[in-house]
Amino acid sequence: MPSVTGNRFQPWLDLWDLVPDGEAFTTEYTASWLLPVRRRGAPAMLKLAAVPEEIAGGALMEWWDGEGAAQVLARQGEALLLERATGDRSLLDMSRGGEDDAATQIICDAVEVLHRPRAKPLPAALTPLDVWFKALAPAAAAHGGVLVEAHRAAQALLSDPRDVVPLHGDVHHANILDFGERGWLAIDPKCVIGERGYDYANPFCNPDTATALKPGRLDRYLELVSRRATIEPRRLLMWILAYSGLSAAWYLEDGQEAKFDLSIVELAAAALAQTSV
């Protein structure tokens, strides 16, 4: 990754009296630039968002106020200053190293905290789930097949929402980090609002193809998450079908291959067909 240059980060370093503490980087999971820094000697992370949904996510992070998510230390425009995760544990490593169920439980516990009611007005920039799903209908019309089933499941869920809360919108193994004594906390939300079940669908599609498509994993995930999050297994399966269809639609919309996501759609659709209504 490129070294830190003054052009990108310097205004914020000056504004918030920050000292660089590493190299700038970006990841496949975010459309932002990040820079480890120190603020009054304490470790922090400076994030510069590159797209509107990432900027809106900062408002939701601020609304959570460090409860279930990294604490926002400062926010202005595209820039977000967060406490930095300094723990040495990784949900990615756990899931790939034989502790997939334990990683899933940690994710469920973290999401539960994010979904707790707060006695204050909601952020203004929350995107409703029916808007969030706008790419699925044209993809189903254009490509047919299992995407039609994913769209049908999405429409059923969106027409009858339950337990509506501000959603993280992008819950996966790399967005729940080890903050040491503060526990496992979320980063990089998308600022969405809708039924809480949506946030439990994305983790099934992670952390990678080999894990997600492992025989028996779907049944195990449904049992564990439905019990831990108190969600009906069939409804959770519908969310997995709808979400994986949406993910495939996003890839197809960008002209990219969606083979993995479509495999999840097929898996979820087949499992749903075997369940009772």
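A brief report on the enclosed structure follows. Just so it is clear, the model here is predicted, and its values are computed rather than measured.

Position of S95 relative to the elements: it lies in helix α3 (residues 91-96). Aside from chain neighbours lying at most four places away, what touches S95 is D100, A103, H173, P207, T211 and R217.

Right, let's talk about the packing of aromatic side chains for a bit. Under the definition given, this model contains seven aromatic pairs. Each ring, one from W12 and one from W16, has its centre 5.5 Å from the other, and the planes form 35 degrees; the classification is tilted. Each member of the pair, W12 as well as W16, is classed as buried. Summarising the aromatic geometry, the rings of Y198 and Y243 are spaced 5.8 Å apart at their centres and angled 75 degrees between planes, so their arrangement reads as edge-to-face. Separated by 45 residues along the polypeptide, Y198 in the loop between β10 (192-195) and α8 (209-212) and Y243 in helix α10 (residues 233-253) bring together distant segments of the chain. As far as the burial class goes, Y198 and Y243 line up, both buried. Of the aromatic side chains, those joined through ring pairs into one cluster are F133, Y198, W239 and Y243.

What follows deals with the packing of helix α9 (residues 217-229) against α10. As a packed pair, α9 and α10 sit with axes 9 Å apart at the nearest point and diverge in direction by 120 degrees. The orientation of α9 relative to α10 falls into the category oblique. Relative to α10, α9 is oriented so that their crossing is right-handed. Residue-level contacts link L218, Y221, L222, V225 and S226 of α9 to P233, L236, L237 and I240 of α10. Residues that form the contact of α9 with α10 fall into these classes: eight nonpolar, one polar and no charged.

Moving on: unusual backbone geometry. Of note, the amide linkage connecting N206 to P207 takes the cis form, showing an omega dihedral of 10 degrees. With a phi angle near 55 degrees, D65 is a residue other than glycine that sits in the positive phi range. As for its position among the elements, D65 is in the loop between α2 (52-64) and β4 (72-76). With a relative accessible area of 46%, D65 lands in the partly exposed category. The phi torsion at C191 lies on the positive side, around 65 degrees, for a residue other than glycine. Along the chain, C191 falls in the loop between β9 (184-186) and β10. Judged by relative accessible area, C191 falls into the buried class, the value being 0%.

What follows concerns the nonpolar core. The nonpolar side chains of a soluble globular protein tend to be buried with one another. Core analysis: the biggest nonpolar cluster contains 76 residues, and F133, Y198 and I240 have the highest contact counts within it. The element best represented in this core is α10, accounting for eleven residues. Here I240 is in contact with A201, F204, L218, Y221, L222, I264 and A268, once residues within four sequence places are set aside. Grouped together as the second largest cluster of nonpolar side chains are 14 residues, A24, V37, A44 and A74 included.

Procedures and definitions
Residues numbered from 1 in each chain as written. Predicted model: local features only at pLDDT ≥ 70, side-chain atom pairs only at ≥ 80, totals over all residues. Heavy atoms only, no water. Helix = DSSP H or I, 4+ residues; strand = E, 2+ residues; numbered from the N terminus. Contact = heavy atoms within 4.5 Å. Phe/Tyr/Trp six-rings, centres within 6.5 Å; stacked < 30°, edge-to-face > 60°. Buried < 20%, exposed > 50% of the residue type's maximum accessible area, 1.4 Å probe, protein only. Axes fitted to C-alpha atoms, helices over the stretch in contact; angles between N-to-C directions. Parallel < 35°, antiparallel > 145°, perpendicular 65-115°, else oblique. Left-handed = near helix turned anticlockwise from the far one by under 90°. Nonpolar A, V, L, I, M, F, W, Y, C, P; charged D, E, K, R; others polar. Core = buried A, V, L, I, M, F, W, Y, C linked by side-chain atoms within 4.5 Å.

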